[in-house]
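Residue strings, one per chain:
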Amino acid sequence: QHGELGRHWIMHNQPKARQHAYAGFLLGMGLQGRLNSLANTDVYRLMSQGHHVTMMALLVGMAAGKRGSEDPAIAKMLCLHIPALHPPSFTELELEVPALVQISALVGVGLLYQASGQRL
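Presented here is an overview of the structure given in this document.

### Examining the overall build of the protein chain
Link 1 in the chain: For the protein chain, the count of helices and strands is six helices and zero strands.
Link 2 in the chain: Traced from its N-terminal end to its C-terminal end, the protein chain shows the element sequence α-α-α-α-α-α.
Link 3 in the chain: A globule of 120 residues ought to have a C-alpha radius of gyration of about 14 Å, and the protein chain, at 14 Å, matches this closely.
Link 4 in the chain: Here the C-alpha coordinates of the protein chain stretch approximately 45 × 35 × 20 Å along the principal axes.
Link 5 in the chain: A total accessible area of about 7300 Å² is found for the protein chain, and carbon and sulfur atoms account for 56% of it.
Link 6 in the chain: The distance from the centre of the 9 positive side-chain charges to the centre of the 7 negative ones in the protein chain is 8 Å.

Laid out in C-alpha cells, this is it:
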C-alpha cells in the first residue's frame, strides 16, 4: 500500500533514546497517512514513553491520516487527552495531561472532524 514504509519499518527505526527528530518523523508519516498501519499496541508503546513531543506528533499525525473521517477509535484516543471532555466518573483517575499535549489533541479533533459539521 505505502511501499516499504509500513508498520515494521516505522517501529524498527525507533531510536533507543527519546528524540525530537523521531517525533518529527512520526508527524511526517502521519501527514502522509502512513501511521494508519500501526497497531494499537504500537501506538500505546509510543504514547506511554512519556515523551511529550512524540505524544503530540502521534495525536496530530494519526488524526491527519484520518482527516475528515470521524474515525471513532482515533476520536477516543484524542478525547482521552482532553480532560475537559472526560465524563464526571474520570475525576477519580487524576490524569495529568500536559497543556501542549491537550492542544495537540484539540488540533487532532479539528482534523478528524474537518468539514463534517458534527459536534462532540
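### Digging into the pattern of salt bridges
Pairs may arise between side chains of opposite charge once their charged atoms sit close together.
Link 1 in the chain: If you walk through the whole model with that rule in mind, you get three salt bridges.
Link 2 in the chain: Notably, a salt bridge pairs Asp42 with Arg7, separated by 2.5 Å at the nearest N-O pair. In this pair, Asp42 sits in helix H3 (residues 40-47) while Arg7 sits in helix H1 (residues 7-12), placing the two residues 35 residues apart along the sequence.
Link 3 in the chain: The exposure class assigned to Arg7 is partly exposed, which follows from its relative accessible area of 27%.

### Observations concerning the environment of Arg67
Link 1 in the chain: Counting through the fold element by element, Arg67 comes out in the loop between helix H4 (52-65) and helix H5 (72-80).
Link 2 in the chain: The spacing of Arg67 and Val109 is 42 residues in sequence and 9.1 Å in space, taken between C-alpha atoms.
Link 3 in the chain: Residues in contact with Arg67, not counting those within four places in the same chain, are Leu111, Leu112 and Gln114.

### Observations concerning the side chain of His86
Link 1 in the chain: With respect to the helices, strands and loops of the structure, His86 is situated in the loop between H5 and helix H6 (99-112).
Link 2 in the chain: Of the residues examined, His86 reaches a relative accessible area of 18% and is grouped as buried.
Link 3 in the chain: A polar contact of 3.4 Å, which involves the side chain of His86, links it to the backbone oxygen of Cys79.
Link 4 in the chain: From its side chain, His86 meets the backbone oxygen of Leu80 in a polar contact 2.9 Å long.

How each quantity is defined
Starting from 1, residues in each chain are numbered consecutively following that chain's sequence as written. For this predicted model, a pLDDT threshold of at least 70 governs which residues receive local features, and a threshold of 80 or more governs which side-chain atom pairs are given and counted, while totals over whole chains, interfaces and linings are taken from all residues. In computing side-chain properties, one takes all heavy atoms of the structure into account and sets aside hydrogens as well as water. Numbered from the N terminus, helices here are DSSP runs of H or I no shorter than four residues, and strands are runs of E no shorter than two. We compute the radius of gyration over the C-alpha atoms and compare it with the globule rule, which gives 2.2 Å times the number of residues raised to the power 0.38. Per-residue and other accessible areas follow the Shrake-Rupley method at a 1.4 Å probe size, with only the shown protein chains counted as cover for residues. Charged-residue counts in this description rest on Lys and Arg as positive and Asp and Glu as negative, His and the chain ends being excluded. For charged residues, the charge sits on one atom: NZ in Lys, CZ in Arg, CG in Asp, CD in Glu. Between Lys or Arg on one side and Asp or Glu on the other, a salt bridge is scored when a side-chain nitrogen of the former is within 4 Å of a carboxyl oxygen of the latter. Per-residue accessibility, obtained with a 1.4 Å probe over protein chains only, is compared with the maximum for each type, and a residue is labelled buried under 20%, exposed over 50%, and partly exposed between these values. A contact between two residues is defined here by any heavy atoms of the two lying within 4.5 Å. What qualifies as a polar contact is a pair of N or O atoms within 3.5 Å, subject to a donor-acceptor requirement within protein and to the restriction that residues adjacent in sequence count only when both atoms come from side chains.

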